[in-house]
Amino acid sequence: MSEETVATTQKDSIMPTYARFPITLVKGEGSYVWDDKGTKYLDFTSGIGTCNLGHVPSVVKTAVESQLQELWHCSNLFHIPTQQKLANLLTSHSFGDQVFFCNSGAEANEGAIKLARRYAQKVKGTEAYEVVTFTQSFHGRTLATLSATGQTKIQDGFAPLMPGFRYLPFNDTEALAQLVTANTCAVMLEVVQGEGGVIPAEKEWLKKVEEICKENDILLMIDEIQTGIGRTGKLFGHECYGINPDVMTIAKGLGSGFPIGAIVATEKAAKAFEAGTHGSTFGGNPIVTAAGAATLTELVDSNLIENVTELGEYLSEQLNELKKQFEQIVEIRGIGLMQGIVLSGPAKDALTITRENYQTLLLPAGPNVIRLLPPLTTSKAEIDQVIEVLKIVFSKELT
Ligand SMILES: *Cc1c(COP(=O)(O)O)cnc(C)c1O
């Protein structure tokens, strides 16, 4: 067998952790991707909310190409100019004073949990180690972050879980009476739960969470891994709610597809990480931070984020029109270009048909929700195209 044949036929050499779609993608540009047979797809998944500037955006490509000529890696024992630039951009456009760079969302959350424990040990003592999270949340796949995740299906088979997490029902104001115990050090939550089914936090509820955290010196940690980097029509999703977190974690959209994660914190919280307390070999390396700095510069210098609000409203309106027409649509929910279509039954068949018959890529979020995460650079014309496809799928194929 030639090397190429080996590469494409021995699929079993990859662990079966993903039930992959039967498509091999080889090229991307803007809102479109192409498979190895040359078929073109409209991609409203954005690599799960990662390619927010579309596929292969030229500003990021240029920045990475230029960095590739200079230095690829040097470890965090040295100062890294692109890392400094990205940290400055993040802190000047958020509540944060300081940033720690890592390589993924789970790692950012893992680090935030460590930061919360260390912070609380200093100000409250060793008993204050517990992080409160919420049902249907998703915080990652490491042992600590899957323990933080409020979904048993993510935890199944990995016992014993990491101790020090307690789950409360999301958007439940009465349950907030149980938020604080002598052991509580932090609250971690997504302002729109992504993997859990595109569930936005209710404003009053989230304000109440913030109030309780401030009163009790409990760190409010927002997992912005999916909601951050312009997705909701603000640079960070919590800005839609007017709350002031102590810590936020970001990843997905930050590097336009280059693997990067970050913890952004107030100086007060960040102080808990002294030299030697946390680290990462690759975290914030020259290549990924060049990608991150170019991504963030493009977002803050252009009118892309304002467009997200307008396009998000348009998408939501169009989806609500569909809801009027089709009984199987129970609810439309989301913020900005993070929208969910809640169905009365499983979402899987509709997703297969849109993909196979109409070359349109959409995501599930839990069993009954279709999730739309288009690139922030999408257009009304592309949204119309997806709406037309969904109309056909709901009317003809699934009745
Ligand atoms: C994707 C995601 C994570 C995990 O990020 P990875 O980069 O896959 O580790 C954590 N939290 C939220 C909200 C996410 O959407």
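Everything below is about the structure printed above this text.
What comes next concerns the included structure. The numbers attached to residues start from 1 for each chain and follow its sequence in the written order. Local features in this predicted model are restricted to residues of pLDDT 70 or higher, and side-chain atom pairs are both shown and tallied only at a pLDDT of 80 or more, whereas totals for entire chains, interfaces and linings draw on every residue. To obtain the side-chain values, all non-hydrogen atoms of the structure were used and water was disregarded.

1. As for the packing of aromatic side chains
In this description, an aromatic ring pair is defined by two values, namely the gap between the centres and the angle between the planes.
Right, on to step 1. Each pair of aromatic rings taken from Phe, Tyr and Trp, with Trp reduced to its six-membered ring, is defined by centres within 6.5 Å and is described as stacked if the planes are under 30 degrees apart, edge-to-face if over 60, and tilted in the remaining cases. Scanning the entire structure with this criterion turns up 5 aromatic pairs.
Right, on to step 2. Plain terms: the ring middles of F134 and W205 are 5.1 Å apart, the flat faces sit at 80 degrees to each other, and that makes the pair edge-to-face. In this pair, F134 is assigned in strand 5 (residues 130-134) and W205 in helix 8 (residues 203-215), connecting sequence segments 71 residues apart. Assigned by exposure class, F134 and W205 land together as buried.
Right, on to step 3. Summarising the aromatic geometry, the rings of F170 and W205 are spaced 5.0 Å apart at their centres and angled 65 degrees between planes, so their arrangement reads as edge-to-face. Here W205 lies in helix 8 and F170 lies in the loop between strand 6 (165-168) and strand 7 (184-189), a separation of 35 residues in the sequence. Where helices and strands are cited, they refer to DSSP runs of H or I of at least four residues and of E of at least two residues respectively, numbered from the N terminus. Remark: exposure states derive from per-residue accessible area (1.4 Å probe, protein chains only) relative to the maximum for the residue type, with buried under 20%, exposed over 50%, and partly exposed in between.

2. A few points about the site of the ligand
Right, on to step 1. Around the ligand lies a shell formed by S104, G105, A106, N109, F138, H139, G140, E190, D223, I225, Q226 and K252.
Right, on to step 2. Within 3.5 Å is the distance limit for a polar contact, defined as a pair of N or O atoms, with the added protein rule that one can donate a hydrogen and the other accept it, and that residues adjacent in sequence qualify only through two side-chain atoms. Take D223: an N or O atom from its side chain is 2.8 Å from a nitrogen atom of the ligand.
Right, on to step 3. Expressed as a share of its isolated accessible area of 380 Å², the protein-covered part of the ligand is 81%.
Right, on to step 4. At 3 residues, helix 5 (residues 105-123) tops the list of elements feeding residues into the shell around the ligand.
Right, on to step 5. For the shell around the ligand, the per-class residue count stands at 3 nonpolar, 6 polar and 3 charged. We call a residue near a molecule or strand as soon as one heavy atom of that residue lies within 4 Å of the molecule or strand. Calculation of accessible area relied on Shrake-Rupley with a 1.4 Å probe; when residues are assessed, cover is drawn exclusively from the protein chains displayed. Residues are grouped as follows: Ala, Val, Leu, Ile, Met, Phe, Trp, Tyr, Cys and Pro are nonpolar; Asp, Glu, Lys and Arg are charged; all remaining types, including Gly, are polar.

3. Points about the sheet that holds strand 4 (residues 98-102)
Right, on to step 1. Strands sit in the order 4-12-11-10-7-5-6 across an open sheet of 7 strands; the sheet is mixed. Only two strands of the sheet have a single neighbouring strand rather than two, namely strand 4 and strand 6. Geometrically, the sheet is characterised by an average inter-axis angle of 20 degrees between neighbouring strands, direction not taken into account.
Right, on to step 2. With respect to the sheet, helix 8 is in contact with strand 5, strand 7 and strand 10 (219-223), its orientation differing from that of strand 7 by roughly 155 degrees. Each pair of strands is called paired provided DSSP finds at least two bridges between the two strands. A fitted line through C-alpha atoms represents every axis, and for helices the fit uses only the stretch in contact; the resulting angles, taken between N-to-C directions, go from 0 to 180 degrees. Contacts are assigned to residue pairs with any non-hydrogen atoms lying within 4.5 Å of each other.

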